[in-house]
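Listed here are the chains, written in short residue letters.
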Amino acid sequence: MTQQQVARGRVLKWAWVGTFVVGAVLYLLVLAVLTDTGNPNLVPTMILLGALVVPLTFVTFAAGCSERWLIDGPTLGGCLLFGGVVGVVVAGLLEYDAMRRLGTLPMVGVGLIEETAKLLVPAALVIFFGHRYRTSLGTGIIIGVAVGTGFAVLETMGYAFVALLQSNGNVGAAEETLFIRGLLSPAGHAAWTGLTCWGLWRFVTEPTGKHFAVFLGMFALAVALHTTWDGIGGWITYVVVGSISIGLLLYGLRRAQRVDNRVEVS
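Below or above, wherever it landed, is the structure these notes cover. These numbers come from a predicted model, not from an experiment.

## Considering the nonpolar core
Here's step 1: Within the largest apolar cluster, 43 residues are counted, with the highest numbers of intra-cluster contacts made by Ile141, Ile143, Val145, Leu200, Trp201 and Leu249.
Here's step 2: Those elements giving two or more residues to this core turn out to be α3 (43-64), α4 (73-102), α6 (120-133), α7 (137-166), α9 (189-205), α10 (209-232) and α11 (235-265).
Here's step 3: Counting residues in hydrophobic clusters, the runner-up holds 15 residues, among them Tyr27, Leu31, Ala51 and Val153.

Right under this line is the structure:
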């Protein structure tokens, strides 16, 4: 490895710091102007930045933790946007239909629907662009993290907007929602979809019955973590479930790095 490659790897590894600093400065700047002027036109910008800063930082961290960029910019942006929008729309529609028919929807139903909806875009990439993405296990995990992040950002924006309406325009209520949900989102949707895509890409790179069972197991694990998170709630649950989710995801990224390196060498 040349010195230039080493230097580039270090830049990628620590790119998340710059992402966080720039995002946080922009958010605080918008918030300061909004507080000073009371201009309601700035509220959507505040909600967008508040929902985006921490999740985008986490995506950047995950994408560069192997000291090489595992996914190109257009794919990353497309997964964030289309993965989030498709996931939110499909999950919202299915949850609405289920609640209309059943009157209520168990938490396991919410977890099952949302984790399935978030898989639509990764599955489409595998089906239609498999020749491009199928060779790298790490890329699959990052695609899952990006899709889960897009879903979490849109969901957080929705909750912040509702908090703003229910508080009769109290910006502080929206800020609190943005802070809590933004801080927790990497340990939630981003990690769960990353874990599921770890299993999915393990199967599509080596399509065996064993790997398909692993994929189903990872999907079931993501649904279980999601259900526990929503069903029990509270900071103890968030810390325990979040630690498990992040820990497994980081372990998956390390395993994927070793697998990808073996593939390149061979």
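## Points about the pattern of salt bridges
Here's step 1: Applying the stated rule across the entire model yields three salt bridges.
Here's step 2: A salt bridge links Glu206 to Arg202, with the shortest nitrogen-to-oxygen separation between them at 2.9 Å.

## Remarks on the packing of helix α5 (residues 107-117) against α10
Here's step 1: Contact pair α5 / α10: the axes reach a minimum separation of 8 Å and the direction vectors enclose 130 degrees. Comparing their axes, α10 and α5 come out oblique. Viewed along their axes, α5 and α10 form a crossing whose handedness is right-handed. Residue-level inspection shows Met107, Val108, Val110, Gly111, Leu112, Glu114, Glu115 and Thr116 of α5 in contact with α10, the latter providing Phe219, Ala222, Val223, His226, Thr227, Asp230 and Gly231.
Here's step 2: Here the contact of α5 with α10 is built from residues that sort into seven nonpolar, five polar and three charged.

## Thoughts on helix α2 (residues 15-37)
Here's step 1: Helix length check: α2 (23 residues) gives 33 Å between terminal C-alpha atoms against 33 Å at 1.5 Å per residue, within 8%.
Here's step 2: If you check which residues of α2 are buried, you get Gly23, Ala24, Tyr27, Val30, Leu31 and Leu34.
Here's step 3: Of the surrounding secondary structure, the elements contacted by the buried residues of α2 are α3 and α8 (171-184).
Here's step 4: Looking one or two residues beyond α2, the residue adopting positive phi is Gly38, at roughly 70 degrees.

## Let's talk about a nonpolar patch on the surface
Here's step 1: A cluster of nonpolar residues, Leu81, Phe82, Val85, Val88, Val89 and Leu154, forms a patch on the protein surface that exposes about 500 Å² of accessible area.
Here's step 2: The element contributing the most residues to the nonpolar patch is α4, with five residues.
Here's step 3: With respect to the secondary-structure elements, Val85 resides in helix α4.
Here's step 4: Given the relative accessible area of 36%, Val85 is considered partly exposed.

## What to know about the packing of α3 against α7
Here's step 1: Their axes nearest at 9 Å, the elements α3 and α7 cross at an angle of 160 degrees. The pairing of α3 with α7 is recorded here as roughly antiparallel in orientation. Pair α3 / α7 crosses with right-handed handedness. Mapping the contact onto sequence places Val43, Ile47, Leu48, Ala51, Leu52, Pro55, Leu56, Phe58, Val59, Ala62 and Ala63 in α3 and Ile142, Val145, Ala146, Thr149, Val153, Thr156, Met157, Ala160, Phe161 and Leu164 in α7.
Here's step 2: Classifying every residue of the contact of α3 with α7 gives 19 nonpolar, two polar and no charged.

## Comments concerning the packing of aromatic side chains
Here's step 1: For the structure shown, the criterion picks out nine aromatic pairs.
Here's step 2: Between Trp192 and Trp229 the ring centres are 5.6 Å apart and the planes differ by 85 degrees, which places this aromatic pair in the edge-to-face class. With Trp192 in helix α9 and Trp229 in helix α10, this pair connects stretches of sequence that are 37 residues apart.
Here's step 3: Residue Trp192 is classed as buried on the basis of its relative accessible area of 2%.
Here's step 4: Trp229 sits in the buried class, given a relative accessible area of 9%.
Here's step 5: A connected cluster of aromatic rings, assembled from ring pairs, spans Trp14, Trp16, Phe58 and Phe61.
Here's step 6: Over the ring of Phe151 we find Lys118; its NZ or CZ atom is 5.5 Å from the centre of that ring.

## Some thoughts on the environment of Gly77
Here's step 1: Topologically, Gly77 is positioned in helix α4.
Here's step 2: Residue Gly77 is classed as partly exposed on the basis of its relative accessible area of 33%.
Here's step 3: When the C-alpha atoms of Gly77 and Gly150 are compared, they prove to be 9.2 Å apart, with 73 residues separating the residues in sequence.

## So, the environment of Leu29
Here's step 1: Relative to the elements of secondary structure, Leu29 occurs in helix α2.
Here's step 2: Since its relative accessible area comes to 51%, Leu29 is described here as exposed.
Here's step 3: Taking the C-alpha atoms as reference, Leu29 lies 9.3 Å from Met46; in sequence the two are 17 residues apart.

So, how was this worked out
- Residues numbered from 1 in each chain as written.
- Predicted model: local features only at pLDDT ≥ 70, side-chain atom pairs only at ≥ 80, totals over all residues.
- Heavy atoms only, no water.
- Core = buried A, V, L, I, M, F, W, Y, C linked by side-chain atoms within 4.5 Å.
- Buried < 20%, exposed > 50% of the residue type's maximum accessible area, 1.4 Å probe, protein only.
- Helix = DSSP H or I, 4+ residues; strand = E, 2+ residues; numbered from the N terminus.
- Salt bridge = Lys/Arg side-chain N within 4 Å of Asp/Glu carboxyl O.
- Axes fitted to C-alpha atoms, helices over the stretch in contact; angles between N-to-C directions.
- Parallel < 35°, antiparallel > 145°, perpendicular 65-115°, else oblique.
- Left-handed = near helix turned anticlockwise from the far one by under 90°.
- Contact = heavy atoms within 4.5 Å.
- Nonpolar A, V, L, I, M, F, W, Y, C, P; charged D, E, K, R; others polar.
- Expected span 1.5 Å × (residues − 1).
- Patch = residues over 30% accessible without salt bridge, like charges linked within 9 Å, V, L, I, M, F, W, Y side chains within 5 Å.
- Areas by Shrake-Rupley, 256 points an atom, 1.4 Å probe, with all protein chains shown as cover.
- Phe/Tyr/Trp six-rings, centres within 6.5 Å; stacked < 30°, edge-to-face > 60°.
- Lys NZ or Arg CZ within 6 Å of the ring centre and 35° of its normal.

This is a description of form; function is not addressed.
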